[in-house]
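A look at the structure
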Amino acid sequence: MMAHSLRQTKSALAKLLEDGAEILPNLPNASAVIINAMALLQTLPTIPDRFIDLADLILNAVIKQVGNARRIDFVADQYPSVSIKNIERKKRGRTGQLAVQITSPQQLCPRQWKKFLANGLNKTNLMEFLADVWGTDRRFAERIGERAVFIAHGESCSKISVEAQGNIFSSIVLELCSNQEADTQMFLHALHASNTAHQQILIKSSHTDVEVLACFFQEYISADIFLLSGTRSQARVITVTQVCEQVGVEVCWALPGLHTLTGCDTVSSFTGKGKKAALDIVKAEDSRASILRIGEHVPPMREDLKKMEKFVCSLYNDFNCCKVNDTRYKLFCKNQNLQSYQLPPTHAALQKHLQHANYQAYVWKHALDARILSQGPDGQGWRVRGEELEIDWTDIPPATESVMELMCCGCRGKCETRRCSCFKNELHCTDACSCGEECVNCANSQFSDDQDDASSKDDL
């Protein structure tokens, strides 16, 4: 099968949603602040010598960002062995990883901080360590003061506060014990804060996914949500209620489905078909229903898949067609110079794409549930191979076997990396290829090795 990679066009949607909305000049006086823990850890300027000093540095950085807020939620991702985010994480961690077990507050911190953070288990252990030392070491009491600190670690969440006598008190908050990722878990925390009398909540995150979810969940959370987004030099404060009023409540309800269908961290996008075109279609009332259904059921219902397919045809300006193969054929007939990636996907490939989008949207739409979906992603456009999850792109080959056999590479080496077009597309090299006897990707290379082994045994 042909190899594929994720194409993403995320940030464009945030700009479209914010277009015309007022950007606040200053931070709101929010009583609760929710912080994406991993985003903060990535921006630490220097790393101290020991982990206890690192805990002190991180708490200082957190306190500095929350102003007069009475509540702080420090929320981190989880790193299960099977996760739809692992493909993207693996790509980001190609520079290498460093495994470190934290055994003592006085333990030396690793010098290779980025490699430390590239390991999911390290980050989980670090959050466990922070929850432990912040909740037990009295040196942090003065810093915490009258605030309540909620720190998510693993599938647990601890509330840390200081008693009148100056003693630190830590307890598990059962309502916030969750198996969610940070992007969704922040809204579980926002709901909890809203239900405990916080009227203004600031979420600090630069992810477009979070902005989409904020617009979707503002209707369900009574407090006003504000987003601090962007980079340090170009930070912007967005009033989510204003964005919702501007785009309309029903469009906000459609945003999770629209965002997953057109590309996010875990779902690929359609080449040349951006967020604006999809958003324009969604704003047309007659086309909105198909997007609203994305993420309602896992697996998706057959009728919903048909409506989603029609929406994809509309993305390619074929508003009267409901079968993507027909749209694909029409476009090719109009312009035979189009490359395959410029055409809509085949029906078989689109069905997998719709499963991807539906599963991710389902997870997002259930962010206010502490426990999400006992059924995993296997069979929902992904498949488990060995101990890893990989994308299942299509059930049929990209071309007939006779066409695939005509493919050839121009390599001069061993054809053992993705630089070789045959290797990249999971094909064996043939006699038509330019590679020579050193090629290890030939169809008969394994046979030759076995034959040599057999000959050696006969000689013995």
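Residues numbered from 1 in each chain as written. Predicted model: local features only at pLDDT ≥ 70, side-chain atom pairs only at ≥ 80, totals over all residues. Heavy atoms only, no water.

Some remarks on empty space enclosed by the protein
All told, the structure shown has 1 cavity of 30 Å³ or more when counted by the stated rule. Ala 76, Asp 77, Gln 78, Thr 124, Met 127, Ala 152, His 153 and Gly 154 are the residues that line the largest cavity. Classifying every residue of the lining of the largest cavity gives 3 nonpolar, 4 polar and 1 charged. (1 Å grid on protein atoms, 1.4 Å probe; cavity = no way out; pocket = protein on both sides within 12 Å on 5 of 7 lines; lining within 4 Å. Points joined across faces, edges and corners; volume = space filled by probe spheres on them. Nonpolar A, V, L, I, M, F, W, Y, C, P; charged D, E, K, R; others polar.)

Observations concerning the sheet that holds strand β4 (residues 148–153)
The strand order across the open sheet formed by 9 strands is β1-β9-β8-β7-β2-β3-β4-β5-β6, and the pairing between neighbours is mixed. Where the open sheet ends on each side, the last strands, each with one partner, are β1 (23–24) and β6 (168–172). Of the pairings in the sheet, the one linking strand β3 (residues 71–75) to β4 comprises 4 bridges and is parallel in character. Looking at the pairing, Arg 71 lines up with Ala 148 of β4. (Pairing = 2+ DSSP bridges. Helix = DSSP H or I, 4+ residues; strand = E, 2+ residues; numbered from the N terminus.)

As for the nonpolar core
Judged by nonpolar contacts, the single largest core of 60 residues is most densely connected at Phe 187, Ile 201, Ile 203, Cys 215, Leu 261, Ile 291 and Phe 311. Examining the composition of this core, we find that 7 residues originate from one element, helix α9 (residues 208–217), more than from any other. Apart from the residues within four sequence positions on either side, Leu 261 is in contact with Ser 268, Phe 270, Ile 291, Ile 294, Phe 311, Val 312, His 353, Leu 354 and Ala 357. Counting 47 residues, the second largest nonpolar core, distinct from the first, contains Ala 55, Ile 63, Val 100 and Ile 151. (Core = buried A, V, L, I, M, F, W, Y, C linked by side-chain atoms within 4.5 Å. Buried < 20%, exposed > 50% of the residue type's maximum accessible area, 1.4 Å probe, protein only. Contact = heavy atoms within 4.5 Å.)

Brief notes about the environment of Val 133
Examined against the element boundaries, Val 133 turns out to sit in helix α6 (residues 120–134). The spacing of Val 133 and Phe 51 is 82 residues in sequence and 10.0 Å in space, taken between C-alpha atoms. Leave out the neighbours within four places in its chain, and Val 133 touches Ala 55, Pro 105 and Phe 140.

What about the environment of Ile 84?
By the secondary structure assignment, Ile 84 is in the loop between β3 and α4 (86–92). With relative accessibility at 12%, the residue Ile 84 sits in the buried group. Separated by 307 residues in the primary sequence, Ile 84 and Ile 391 place their C-alpha atoms 8.6 Å from one another. When neighbours within four sequence positions are excluded, Ile 84 is seen to be in contact with Thr 266, Tyr 359, Gln 360, Pro 377, Trp 382 and Leu 389.

Digging into the packing of helix α12 (residues 275–283) against helix α14 (residues 302–315)
Their axes nearest at 10 Å, the elements α12 and α14 cross at an angle of 120°. The angle between the axes of α12 and α14 places the two elements in the oblique class. You can see that α12 and α14 cross each other, and the crossing is right-handed. Residues Ala 277, Ala 278, Ile 281 and Val 282 of α12 pack against Phe 311, Ser 314 and Leu 315 of α14. Of the residues in the contact of α12 with α14, the class split is 6 nonpolar, 1 polar and no charged. (Axes fitted to C-alpha atoms, helices over the stretch in contact; angles between N-to-C directions. Parallel < 35°, antiparallel > 145°, perpendicular 65-115°, else oblique. Left-handed = near helix turned anticlockwise from the far one by under 90°.)

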